[in-house]
Amino acid sequence: MTINEADYKAFANFETDAWVKLSEHYDTLAGQMTRQAVDAIMDAIEIRPGVEVLDVATGPGYVAAAAQHRGAKPIGVDFSPDMIADARLRFPTLTIEQGDAESLRYADASFDAVVCAFGMLHFPRPGKALAEAYRVLRPDGRHAFTVWCGPAKNKFFGMIGDIVLKHANPTVGLPTGPSQYMLSDPMVCAALMDAATFDDTRVQEVPCYFAAKSPSDVLAFLRKCALRAIYIVDRQSPEVRAKIEADLMDAGAKAIEQYSGRIPCPVLLTSGTKRTG
Ligand SMILES: C[S@@+](CC[C@H](N)C(=O)[O-])C[C@H]1O[C@@H](n2cnc3c(N)ncnc32)[C@H](O)[C@@H]1O
């Protein structure tokens, strides 16, 4: 498969537009899940007071805020003005800056730790973002990134994906980008870390769940927060959309019962060290 500059641009533009629309609902629908990984991320970068931390794709700023809470000196960076506005409102004492993960404006060796929580699959070139993380890290600096586990373990995203693909025609012009589960394989994460010349790579699973009181919470996630699925579903006929929504309400009700309102969506946490010399 060949991906040219135009494909990368189209995917980047799709992401830029999508994050403007999503910021309003992110905290209640996606943030309720991503926040569950924050403590494990703090452990993975061996957080301690005084260290300088860069939180790439900070979104509402959860990771940067946790680092600040532990006495570190974080900067959050994100490319979406709406997510930045949300982070600044939520955590007024944090430093949040605008920037692109694939082209950071910071000098080489500026940070003791770099984190990217659930950002990698939104970047057209995740390898480039990893190389940037490596560049801005000091020697012996720690890096950690998280992605979602694949559908075999991830009952929440698996359920949504199965239902959308059962009914929808997916060939509706969604720009080419990294597949949703490209990094859900520990071997792939480790290979990316190797390619970026990180050492001591570790890939671990972190439990996480989507808390739903009723199936309409699951439907709300599809409508308001599932970036690529929204794009596909919005381009189907009203009849197909109705089938997807009805099936999701049904499957959501069953999953809520089966998992007592906590539908599993485990996380893969990859971490490593920049060793020089
Ligand atoms: C799934 S959210 C993760 C937010 C937060 N880190 C968390 O754990 O909840 C992904 C974030 O990546 C940001 N993003 C996507 N592509 C980006 C890029 N190329 N550079 C910087 N931020 C980007 C989006 O604006 C969004 O805030």
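Residues numbered from 1 in each chain as written. Predicted model: local features only at pLDDT ≥ 70, side-chain atom pairs only at ≥ 80, totals over all residues.

Student: Give a description of the environment of Met42 that names residues and reports values.
Tutor: Summarising the element assignment, Met42 is placed in helix H2 (residues 38-44). The contacts of Met42, once residues within four sequence positions are left out, are Ile47, Ala66, Ala67 and Arg70. (Helix = DSSP H or I, 4+ residues; strand = E, 2+ residues; numbered from the N terminus. Contact = placed C-beta atoms within 7 Å.)

Student: Residue-level account of the site of the ligand, with values.
Tutor: Taken together, the neighbourhood of the ligand is formed by 21 residues, with Thr34, Ala57, Gly59, Ser80 and Ala117 sitting nearest. Taken together, the elements giving at least two residues each to the shell around the ligand come down to helix H1 (5-34) and helix H3 (62-69). Residue contributions to the shell around the ligand peak at four residues, all from H1. The residue makeup of the shell around the ligand, split by class, is ten nonpolar, seven polar and four charged. (Near = placed C-beta within 6 Å. Nonpolar A, V, L, I, M, F, W, Y, C, P; charged D, E, K, R; others polar.)

Student: I'd like to hear about H3, residue by residue, with values.
Tutor: When you tally the buried positions in H3, you get six out of eight residues, the bulk of the element. Note on H3: the residue one or two positions beyond its end, Gly71, has a positive phi of about 90 degrees. (Buried ≥ 20, exposed ≤ 12 C-beta atoms within 10 Å, placed from the backbone.)

Student: Outline the sheet that holds strand S1 (residues 52-56), supporting the account with residue identities and numerical values.
Tutor: Picture the strands of a sheet paired through backbone hydrogen bonds; they go either parallel or antiparallel. Here we have seven strands laid out as an open sheet, ordered S3-S2-S1-S4-S5-S9-S6, and mixed in their pairing. If you trace the sheet from one side to the other, it starts and ends with strand S3 (95-98) and strand S6 (199-206), each paired once. When the angles between neighbouring strand axes are averaged without regard to direction, this sheet yields 20 degrees. Where strand S4 (residues 111-117) lies against strand S5 (residues 137-148), six bridges are found, and the strand directions are parallel. Across the sheet, Ala113 pairs through a bridge with Arg142, a residue of S5. (Pairing = 2+ DSSP bridges. Axes fitted to C-alpha atoms, helices over the stretch in contact; angles between N-to-C directions.)

Student: Lay out the packing of H1 against helix H4 (residues 81-90) with the relevant residues and their values.
Tutor: Where H1 contacts H4, the axes come no closer than 7 Å and their chain directions differ by 30 degrees. By the angle between their directions, the pair H1 and H4 is classed as roughly parallel. Every residue of H4 that contacts H1 at Trp19, Val20 and Ser23 is listed here: Asp82, Met83 and Asp86. (Parallel < 35°, antiparallel > 145°, perpendicular 65-115°, else oblique.)

Student: Now, about the environment of Ser271: what can you tell me, with residues and values included?
Tutor: Counting through the fold element by element, Ser271 comes out in strand S9 (residues 267-273). On the basis of neighbour count, Ser271 is assigned to the buried category, with 25 C-beta atoms found within 10 Å. In this structure the C-alpha to C-alpha distance between Ser271 and Gly150, which are 121 residues apart in sequence, comes to 18 Å. In this view, Ser271 contacts Ala44, Ile45, Arg142, His143, Ala144 and Arg202; residues no more than four positions away in its chain are not counted.

Student: If you had to explain the nonpolar core to someone new, which residues and values would you point to?
Tutor: Judged by nonpolar contacts, the single largest core of 83 residues is most densely connected at Ile41, Val56, Val115, Cys116 and Ile160. Non-local contacts of Cys116, meaning those with residues more than four positions away in its chain, are made with Val56, Ala57, Ala101, Ala129, Ala133 and Phe145. (Core = buried A, V, L, I, M, F, W, Y, C linked by C-beta atoms within 7 Å.)

Student: Could you give me a rundown of unusual backbone geometry, with the residues and numbers involved?
Tutor: For residues other than glycine, phi is negative in most cases, and the peptide bonds are mostly trans. Phi angles above zero are rare outside glycine, and Glu46 is one such case at about 55 degrees. Inspection of the secondary structure puts Glu46 in the loop between H2 and S1. Classification of Glu46 as partly exposed rests on a count of 13 C-beta atoms within 10 Å.

Student: Residue-level account of the packing of helix H8 (residues 215-225) against helix H10 (residues 238-258), with values.
Tutor: Each pair of packed helices gets described by two things: the angle between the helix axes and the distance between those axes. At a minimum axis distance of 8 Å, the contact between H8 and H10 shows a crossing angle of 130 degrees. Viewed along their axes, H8 and H10 adopt a mutual orientation that is oblique. Between H8 and H10 lies a crossing of right-handed hand. Between H8 and H10, the contacting residues are Pro215, Val218, Leu219 and Leu222 on the first element and Glu245, Leu248, Met249, Gly252, Ala253 and Ile256 on the second. Partitioning the contact of H8 with H10 into residue classes produces eight nonpolar, one polar and one charged. (Left-handed = near helix turned anticlockwise from the far one by under 90°.)

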